[in-house]
Amino acid sequence: MTHVSSFNRRAALGAIGSFVAGAALAQGTAPRTVRLGYQKSSTLIAVLRLQGSLEQRLAPLGVKLSWHEFTSGLPLLEALNLDNIDLSADVADTVPVFAQAAGAQLTFVAQEAPSPTAQAILVRADSPLKSVADLKGKRVGFAKAAGVHYLLLAALEKAGLSFADIDPAYLTPADGRAAFERGSLDAWVVWDPFLSAAQKQAGARVLADGTGLASYQRYYLASTRFAQARPDVLGVLYAELEKAGRWVKGNPREAAALLAPFWGLDAAIIEQANARRSYAVRAVTPQNLSEQQKIADAFFAEKLLPRRLNALDVALYQPGA
């Protein structure tokens, strides 16, 4: 709940700037520089940036890109809500729920089909913990509002535990890895490529992944204000994401080699991580959003959201419409 409250306070501070930007768009002066936010795990956006293809496709529209990196999905959508960026690269399915609770006006641009094994609850190789039920009373690290947060809730419920039964530690992936390796955490819940890196570099063991618990669908979003002003930009982004997804899955070694220096990870780690992600980019439909309500209800039940949400109360971009 802390993050949501902070989000609202920041939104109030940014209201004047958002009003001015919105007024400019309403008058038809659409921005020539598009601000795109991403995370380290934003694979397809990283590929497009390294290949330069998105910028090339946007150039005939008179549009330039500026790139803005974030540590995780929640601050990324905070920036989108505050009009500090125009587009968000992929975030886990949980993140838009928190943004909606903070009043963000979101347009879902695209969705990556489920990748349930691309996030997991990890323990060290020598850990005595053998099942999720063993997490009772243990310190568990994860990024708040990330997809792994819902995975943890779902796994605990299946094991007959509640969130109150663990000692949560809200950590960025970098801080989580450091705490996990020095023994400050009993378990760490994280997504790829951080998951694969911990397995290959630190010998981490999977206690449970998302299979049967959390589909882990990732979403590309825009502020509704920007989506209404520049559907042409959304069309280019969608087409390039589709193309990049097919290329990554069809050329696993080449994709890993391309991303390795950008991410600072071994190509073998990236290839393993990419094998667990679907990268199947598709249009967002109400049917494909069905799990969003389950996610929203789970967070509300744990008093992590200030109010009950209708998770489908969002705008959907339809390619080619």
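Above this text sits the structure in question.
The structure reproduced in this document is the subject of the present report. (Residues numbered from 1 in each chain as written. Predicted model: local features only at pLDDT ≥ 70, side-chain atom pairs only at ≥ 80, totals over all residues. Heavy atoms only, no water.)

### Let's talk about the packing of aromatic side chains
Aromatic ring pairs: the centre-centre distance and the angle between the two ring planes describe each pair. Overall, the coordinates contain 7 aromatic pairs when judged by the stated rule. A centroid spacing of 4.8 Å and a plane angle of 70° characterise the contact between F98 and F299, whose relative ring orientation is edge-to-face. With a gap of 201 residues between them, F98 in helix 6 (residues 95–101) and F299 in helix 14 (residues 290–301) connect regions that are remote in the sequence. You can call F98 buried: its relative accessible area is 0%. The exposure class of F299 is buried, given its relative accessible area of 0%. An aromatic cluster is defined as three or more aromatic residues linked by ring pairs; in this entry it consists of F142, F163 and Y170. (Phe/Tyr/Trp six-rings, centres within 6.5 Å; stacked < 30°, edge-to-face > 60°. Helix = DSSP H or I, 4+ residues; strand = E, 2+ residues; numbered from the N terminus. Buried < 20%, exposed > 50% of the residue type's maximum accessible area, 1.4 Å probe, protein only.)

### Things to note about the sheet that holds strand 7 (residues 167–170)
Taken together, 5 strands build an open sheet; the order of strands is 7-6-8-5-9 and the sheet is mixed. In this open sheet, the two strands that pair with only one neighbour each are strand 7 and strand 9 (205–209). If you compare each strand with its neighbour and ignore which way they point, the axes differ by 30° on average. Relative to strand 9, strand 5 (residues 119–123) is paired through 4 bridges, and the arrangement is antiparallel. Note that in strand 9 the partner of I121 across the bridge is A208. Relative to the sheet, helix 8 (residues 173–181) contacts strand 5 and strand 8 (187–191), its axis offset from that of strand 8 by approximately 145°. (Pairing = 2+ DSSP bridges. Axes fitted to C-alpha atoms, helices over the stretch in contact; angles between N-to-C directions. Contact = heavy atoms within 4.5 Å.)

### Observations concerning the packing of helix 7 (residues 147–158) against helix 14
For the pair helix 7 and helix 14, the least separation of the axes is 11 Å and the interaxial angle reads 75°. The angle between helix 7 and helix 14 places the two elements in the roughly perpendicular class. In this structure, helix 7 contributes H149, Y150 and L153 to the contact, and helix 14 contributes E291, K294, I295, A298 and F299. (Parallel < 35°, antiparallel > 145°, perpendicular 65-115°, else oblique.)

### Observations regarding the pairing of strand 8
Buried residues dominate strand 8, accounting for 5 of its 5 residues. Neither face of strand 8 is open: one carries A187, V189 and W191, the other W188 and V190, and all of them are buried.

### A closer look at the nonpolar core
I121, L135 and L152 are the most contacted members of the largest nonpolar core, which has 71 residues in total. For this core, the leading source of residues is helix 7, giving 8 residues. With sequence-adjacent residues up to four places away left out, L152 is seen in contact with I121, L135, V140, F142, F163, I166 and V189. If you look at the next biggest cluster of nonpolar residues, it comprises 42 residues, including A46, V63, Y220 and A256. (Core = buried A, V, L, I, M, F, W, Y, C linked by side-chain atoms within 4.5 Å.)

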